[in-house]
Amino acid sequence: MPDMSRYYDLSVSQIREGLASGQFSACELTAAALERVDAEDQKIHAFLQVTPDLAMDAAREVDQRIAQGAFDAMGPLAGVPVAFKDNMNLTGTRTTCASRMLETYVSPYTATCVDKVLQAGGIPLGKLNMDEFAFGSTTESSAFGPTCNPWDLTRVPGGSSGGSAAAVAAGLATVTLGSDTGGSIRQPANFCGVVGVKPTYGTVSRYGVVAFGSSLDQVGPFARSVKDAALAMNALIGRDPKDCTSQDIATDFVAAAQQDVAGMRIGLVPEFMNAPGLSSQVKDRILEAAAKLEAMGAQIVEVTLPNAAASISSYYVLGPCEAFSNLARFDSVRYGYCDPGHRDLQGQYDASREIGFGKEARRRMLLGSYLLASGVYDKYYYPAQKVRTLITQDYARAYESCDVILMPASPRPAFKFGEIADPAEMYLSDVFTVSINIAGNGGMSVPVGLCPQTGMPIGAQLVCPQFKDENMFRAAAALERAFGPAGVAPDFAGRAGE
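So, here's what we can say about the structure.

## Some words on the overall build of the protein
The helix and strand inventory of the protein stands at 17 helices and 11 strands. In terms of overall size, the protein behaves like a compact globule, its C-alpha atoms giving a radius of gyration of 21 Å where 498 residues would be expected to give roughly 23 Å. In terms of principal-axis extent, the alpha carbons of the protein reach across some 65 × 65 × 45 Å. Out of the 498 residues in the protein, the part that is buried amounts to 61%. If you take every contact in the protein between residues at least 6 apart in sequence, the share linking residues at least 24 apart comes to 76%. For the protein, the accessible surface area stands at approximately 18000 Å², while carbon and sulfur atoms represent 51% of it. The average position of the 41 basic charges and that of the 53 acidic charges among the side chains of the protein differ by 3 Å.

Written out as C-alpha cells, the structure is:
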C-alpha cells in the first residue's frame, strides 16, 4: 500500500489523477481517510456518525469502474472523501439535525443533493455536527456537544454548518455539504479558513434536507480551494422534480473560475464597510482584497443598499415563523422523540417537545408562534415581507452598476466559546449574511488572510446577482491566486499516520 499519510493535502483533481494513474486505489484512499477521522475527530467533534461500510462500498465501486476502463465516465467527485451536514437524509444513516428529538431517526430515503454527490462518485465518510435544527451561529446548540475550530480549539467554528467547515479545515474530508439559511455556510467557512458557497436560491435541490426556513434555505459545498468547490457545484446543480423551487442550471463553474477579473465591476457597500461592530482587522482584509482585485484589472465601484440595516429585523421575523411551521411535524406522534407514560395526548406533546428540543430551538419556535398569532401577524410578519421586497430591489439596483459585491462575511474572526452570551448579540453575527438569503442571491466566502492579533482566518464574502453565480467564482478564484489557497489548519497538518 502506498504512503497515504498526507492524502488530505490532495485536491479533487489530484485525487482523480492519482486514481486514474494507479498511484493509489479508492479503497486505499478511503481507508486512510477513515483512519484519519478516527484519529483526529475526537479533538474537534465534527462528525456525529461515521459510515465506514458505505464509504468502503463506494470505494470498491470506483475501483471496479477503474478496472473496467470506465473511470473517465464517472462524475467529478469520483473517489473523493465527502461528508454531509446531519440535516441531509442518506438512506440507512441517522439524520438527527443534532437534536434529541431525532436522535434515533433513521433515513428511509436519500436527499437529492446527497444523491448527486454519490452519483458523482463521492465517498461518504459520514454525517456532520451542526447547531440543532440549524438554529445558531457557533454549533454550540448541538444536543451532542459542540464542534471546535481546528485553528484554535478554544474558539467556535461558526454555525450552523460548523461540523462541515471544521471537517474540511482539519483535513478530515476533501469536500463537505452544508446548508445556509442566514449565513450558515459562509460564516463557518470564514471562521475556519475554507471556501464555502451558498448558491442562488433554486440552484440546488432542497429535497430531503430537513427544513428550517423553506424560502431561505439553500445547500452548498465547503472545500479548500475554489476549483474544488466549483467541481462540487457542477455535481450539485440541476432541476429536481421533487423540489419545485429548483431550476435548470447548466453553468460550468470550473470554467468560470478559470477566467480573469479584468473588466469586472466589483461593488463595495459603504453601509457594510462602516457598520458598527465591524472589526478593523476584518475591514482591512476586505479593503486589501478590493485593492488586489483592482490591481488585476477589476473596477471598484461604490454601491448602496439603503435597506440593508433592516435585514436582521426582517430575518428574525421570517426565519422563526417558517421554523415554527416546519418543526410543527415533530409532535412525538408522526416524527420525533416520544416521552413515555402519559395518559393524555397534550401531556405527551408537551413533555416530548420539552425534552426533545433544546433551548435555542424552543426559543425560535416560541417566537415564531407569537409572530404568527392573530393580531400580531399584521404587525410584524407582513411588514417583514415588505422589507424583504425592498432588500431584493436594492440588490437588483446595485447590480446595475456591478457584477459582484465584495463585503465581510462576519464582523469579527472566530471568537471563543462563551464569549458571546446574549442571544441578541449572537444574532448580529449574521449581519453581513442574512440579506443575501432574504434576496435569494448567491454568496460565498473565500479566505483572504489571517487576523494579526489572533492568527485566526478571515474570509471575504462575494455576492452575485441571482443565477449569475459564475461571477463570484471568477472573483473568488482571483482572490485565491492573490492570497493563496486554503490549507489544512496548522495543528492538523502533517500529523495523522505520520
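Additional details are given in the paragraphs that follow.
## A look at the pattern of salt bridges
Tallied over the full model, the rule gives 15 salt bridges. Between Glu-40 and Lys-43 there is a salt bridge, with its nearest N and O atoms 3.2 Å apart. Of this pair, Glu-40 and Lys-43 both sit in helix α2 (residues 26–44), 3 residues apart, which is roughly one turn of the helix. What makes Glu-40 buried here is its relative accessible area of 4%.

## Remarks on helix α4 (residues 112–119)
At 3.6 residues per turn, the α-helix brings residues three or four places apart onto the same side. Buried within α4 are the following residues: Thr-112, Cys-113, Val-114 and Val-117. Structurally, α4 contributes buried residues whose contacts are with β2 (81–85), β4 (175–180), β6 (218–223) and α7 (226–236). Immediately downstream of α4, the backbone of Gly-121 shows phi near 100°, a positive value.

## Points about empty space enclosed by the protein
Counted under the stated rule, the structure contains 2 cavities of 30 Å³ or more. Looking at the largest cavity, its volume works out to about 70 Å³. Partitioning the lining of the largest cavity into residue classes produces 4 nonpolar, 7 polar and 2 charged. Along its surface, the second largest cavity is lined by Asn-87, Cys-97, Met-130, Phe-133, Ala-134, Val-210, Ala-211 and Phe-212. Split by residue class, the lining of the second largest cavity holds 7 nonpolar, 1 polar and no charged.

## Topic: the packing of aromatic side chains
The relative placement of two aromatic rings is captured by the distance of their centres and the angle of their planes. For the structure on display, the rule yields 14 aromatic pairs. On the numbers, 5.7 Å between centres and 85° between planes, the contact of Phe-191 with Phe-415 is edge-to-face. Of the two residues, Phe-191 is situated in helix α6 (residues 186–192) and Phe-415 in the loop between β9 (404–408) and α15 (423–427); the sequence distance between them amounts to 224 residues. With respect to class, Phe-191 is no different from Phe-415; both count as buried. Each member of the aromatic cluster is reached from another via a ring pair, and the members are Phe-133, Phe-135, Phe-212, Phe-330, Tyr-335 and Phe-357. A cation over a ring is seen here: Arg-36 above Tyr-8, with NZ or CZ 3.8 Å from the ring centre.

## Here we look at unusual backbone geometry
In this chain, Gly-159 is followed by Ser-160 through a cis amide linkage whose omega measures 10°. Tracing the chain through its elements places Ser-160 in the loop between β3 (123–128) and α5 (162–169). Phi at Phe-133 is positive, roughly 50°, even though this residue is not glycine. Note on placement: Phe-133 falls in the loop between β3 and α5. On the basis of relative accessible area, Phe-133 is assigned to the buried category, the value being 4%.

## Examining the nonpolar core
Ranked by internal contacts, the top residues of the largest apolar core, which has 158 residues, are Cys-113, Phe-133, Tyr-395, Ile-405, Leu-406, Leu-462 and Phe-473. Leaving out residues up to four positions away in the same chain, Cys-113 has contacts with Met-88, Leu-177, Val-204, Ser-205, Val-209, Val-219 and Leu-236. If you look at the next biggest cluster of nonpolar residues, it comprises 6 residues, including Val-317, Leu-318, Tyr-381 and Ala-384.

Criteria and thresholds
- Residues numbered from 1 in each chain as written.
- Predicted model: local features only at pLDDT ≥ 70, side-chain atom pairs only at ≥ 80, totals over all residues.
- Heavy atoms only, no water.
- Helix = DSSP H or I, 4+ residues; strand = E, 2+ residues; numbered from the N terminus.
- Rg over C-alpha atoms; globule rule 2.2 N^0.38 Å.
- Buried < 20%, exposed > 50% of the residue type's maximum accessible area, 1.4 Å probe, protein only.
- Contact = heavy atoms within 4.5 Å.
- Areas by Shrake-Rupley, 256 points an atom, 1.4 Å probe, with all protein chains shown as cover.
- Lys, Arg positive; Asp, Glu negative; His and termini not counted.
- Charge placed at Lys NZ, Arg CZ, Asp CG, Glu CD.
- Salt bridge = Lys/Arg side-chain N within 4 Å of Asp/Glu carboxyl O.
- 1 Å grid on protein atoms, 1.4 Å probe; cavity = no way out; pocket = protein on both sides within 12 Å on 5 of 7 lines; lining within 4 Å.
- Points joined across faces, edges and corners; volume = space filled by probe spheres on them.
- Nonpolar A, V, L, I, M, F, W, Y, C, P; charged D, E, K, R; others polar.
- Phe/Tyr/Trp six-rings, centres within 6.5 Å; stacked < 30°, edge-to-face > 60°.
- Lys NZ or Arg CZ within 6 Å of the ring centre and 35° of its normal.
- Core = buried A, V, L, I, M, F, W, Y, C linked by side-chain atoms within 4.5 Å.

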